[in-house]
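Secondary and tertiary structure notes
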Amino acid sequence: MSAPPKTVIQASDEEAEAIREAVRSVDVNVLGMGRARAELKHVPGLVALLSDERVSGPIYDLPRPITTESVTRWVVENQAQMLAGEALLLVTLDEAGEVAGYSRITVWPEHASAELAGAIRADLQNRGQGGVGMARTFGWIFEALGVRLMCLTAALDNVRSQKGIDAAGFVRMGERDAVRADGSIRRSVYWEMTRDQWRQRHRL
Ligand SMILES: CC(C)(COP(=O)(O)OP(=O)(O)OC[C@H]1O[C@@H](n2cnc3c(N)ncnc32)[C@H](O)[C@@H]1OP(=O)(O)O)[C@@H](O)C(=O)NCCC(=O)NCCS
């Protein structure tokens with residue numbers, strides 16, 4: 001279960017509706033790297049991707065266990081949340097058209113806030129792609145979806161994620177208990193960043 005940021009922003013009705021509309025209609029192609037909104041046709045690829053513990057092990061908000069049924073339900077739920085303007089489930093397709101990664105963006109339009117989770121296939125990890133992809137996605141969430149605040153969590157031992165998130169300029173704000181789909185708790189490092197901080201850092 002994704003939890004909204006510790007810092008609470010109250011968006012106006014107009015701002016919240018603009019964010020919802022962006023989530024529904026924004027062109028995800030501009031993110032590059034073969035990104036597409038997840039559809040039922042991607043379920044077999046997502047099952048293969050997420051069945052690998054090197055991919056799904058560190059992520060708390062995935063369906064468990066990973067089966068065709070659980071992933072089908074997850075994609076359908078995300079499609080409904082996308083229509084409500086409250087989530088985006090994206091796949092990354094490689095040159096062969098195989099699912100090589102995923103990103104899930106949870107959006108709280110009424111708080112102008114979002115959270116990102118994601119992973120790349122094991123053979124693509126540790127080559128610098130994840131760090132680059134994360135930074136590009138953070139910027140896109142702020143600018144294309146129009147949110148003003150992002151929060152992130154990572155497992156206490158997830159050094160790669162922590163490095164990428166720190167490097168992007170997110171600010172550590174203590175720890176947080178993340179709740180897995182089965183109700184179990186994962187202690188996490190917790191970060192936030194505002195859009196203003198992002199723009200200042202990238203001189204936008
Ligand atoms: C997290 C993930 C997206 C990072 O992508 P990646 O391409 O593997 O990572 P990168 O190659 O960009 O490396 C990130 C940083 O960690 C460093 N790193 C990699 N392995 C490391 C290790 N064992 N110890 C210390 N640092 C390590 C890299 O040097 C790099 O640091 P740098 O930018 O200062 O050079 C990817 O590993 C992944 O999908 N992991 C499984 C799922 C997951 O953890 N998702 C995130 C949940 S919050």
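Right, let's walk through the structure included here.

Analysis parameters
Residues numbered from 1 in each chain as written. Predicted model: local features only at pLDDT ≥ 70, side-chain atom pairs only at ≥ 80, totals over all residues. Heavy atoms only, no water. Helix = DSSP H or I, 4+ residues; strand = E, 2+ residues; numbered from the N terminus. Buried < 20%, exposed > 50% of the residue type's maximum accessible area, 1.4 Å probe, protein only. Areas by Shrake-Rupley, 256 points an atom, 1.4 Å probe, with all protein chains shown as cover. Near = heavy atom within 4 Å. Polar contact = N/O pair within 3.5 Å; in protein donor to acceptor, adjacent residues only side chain to side chain. Pairing = 2+ DSSP bridges. Axes fitted to C-alpha atoms, helices over the stretch in contact; angles between N-to-C directions. Contact = heavy atoms within 4.5 Å. Core = buried A, V, L, I, M, F, W, Y, C linked by side-chain atoms within 4.5 Å. Expected span 1.5 Å × (residues − 1). Arc of directions from axis to C-beta.

1. Quick look at the overall build of the protein
Looking only at helices and strands, the protein has seven helices and seven strands in total. Counted from the first residue to the last, the protein has its helices and strands arranged as α-β-α-α-α-β-β-β-α-β-α-β-β-α. Here the protein, with 204 residues, has 49% of them falling under the buried criterion. Surface accessibility of the protein: about 9,800 Å² in total, with carbon and sulfur atoms responsible for 53%.

2. Observations concerning the site of the ligand
With respect to spatial proximity, 20 residues lie near the ligand, and among them Ile120, Asn126, Gly128, Gly130 and Asn158 are the closest. In this structure, an oxygen atom belonging to the ligand sits 2.7 Å away from a main-chain N or O atom of Asn126. With respect to the ligand, the backbone of Gly131 contributes an N or O atom lying 2.9 Å from an oxygen atom. Protein burial of the ligand: of its 950 Å² of free accessible surface, 68% is covered by the chains. Those elements that place two or more of their residues in the shell around the ligand are helix H3 (53-56), strand E4 (113-120), helix H5 (129-145) and helix H6 (159-167).

3. Looking at unusual backbone geometry
Put simply, Arg64 and Pro65 share a cis peptide bond, and its omega is -5°. Looking at the secondary structure, you find Pro65 in the loop between H3 and helix H4 (68-83). Here Asn126, not a glycine, exhibits a phi torsion of approximately 65°, which is positive. Within the secondary structure, Asn126 is located in the loop between E4 and H5. For Asn126, a relative accessible area of 64% gives the class exposed.

4. Examining the sheet that holds strand E6 (residues 171-179)
Pairing in this open sheet of seven strands is mixed, and the strands run E1-E2-E3-E4-E5-E7-E6 from one edge to the other. Taken across any chain shown, the strands that pair with only one partner, and hence form the sheet edges, are strand E1 (35-37) and E6. Neighbour-to-neighbour, the strand axes of this sheet turn through a mean angle of 30°, independent of strand direction. Here seven bridges tie strand E2 (residues 87-93) to strand E3 (residues 99-108), and the two strands are oriented antiparallel to one another. By the bridge assignment, Leu89 is partnered in E3 with Arg104. Helix H2 (residues 43-50) contacts E2, E3 and E4 of the sheet and is inclined by roughly 95° relative to E3.

5. Structural notes on the side chain of Asp61
Take Asp61: it is sitting in the loop between H3 and H4. A polar side-chain atom of Asp61 sits 3.2 Å from a polar atom in the side chain of Ser2.

6. Quick look at the nonpolar core
One recurring pattern in soluble globular proteins is that nonpolar side chains are buried together. Within the largest apolar cluster, 35 residues are counted, with the highest numbers of intra-cluster contacts made by Ile105 and Leu145. If one sorts the elements of this core by residue count, H5 sits on top with six residues. Filtering out sequence-adjacent residues up to four positions away, Leu145 remains in contact with Ile19, Ala22, Val23, Val26, Leu88, Ile105, Val107 and Trp140. Residues Leu49, Leu50, Val71 and Leu89 belong to the second largest nonpolar core, which totals 19 residues.

7. A few points about helix H1 (residues 13-25)
With 13 residues, H1 should reach 18 Å at 1.5 Å per residue; the first-to-last C-alpha distance of 18 Å fits that figure. Every buried residue of H1 is listed here: Glu15, Ala16, Ile19, Arg20, Ala22 and Val23. Taken around the axis of H1, the buried residues stretch over an arc of 160°, which confines them to a single face. When the buried face of H1 is taken as reference, the exposed residues oriented beyond 90 degrees from it are Asp13 and Glu14. Turning to H1, the residues buried within the fold contact E1, H4, E2, E3 and H5.

8. Focus on H5
Look at H5: 23 Å from first C-alpha to last across 17 residues, which is about the 24 Å you get at 1.5 Å a residue. Three or more residues of H5 are buried, namely Gly133, Met134, Thr137, Phe138, Gly139, Trp140, Ile141, Phe142 and Leu145. With its phi angle positive at about 80°, Gly146 sits one or two positions after the end of H5.

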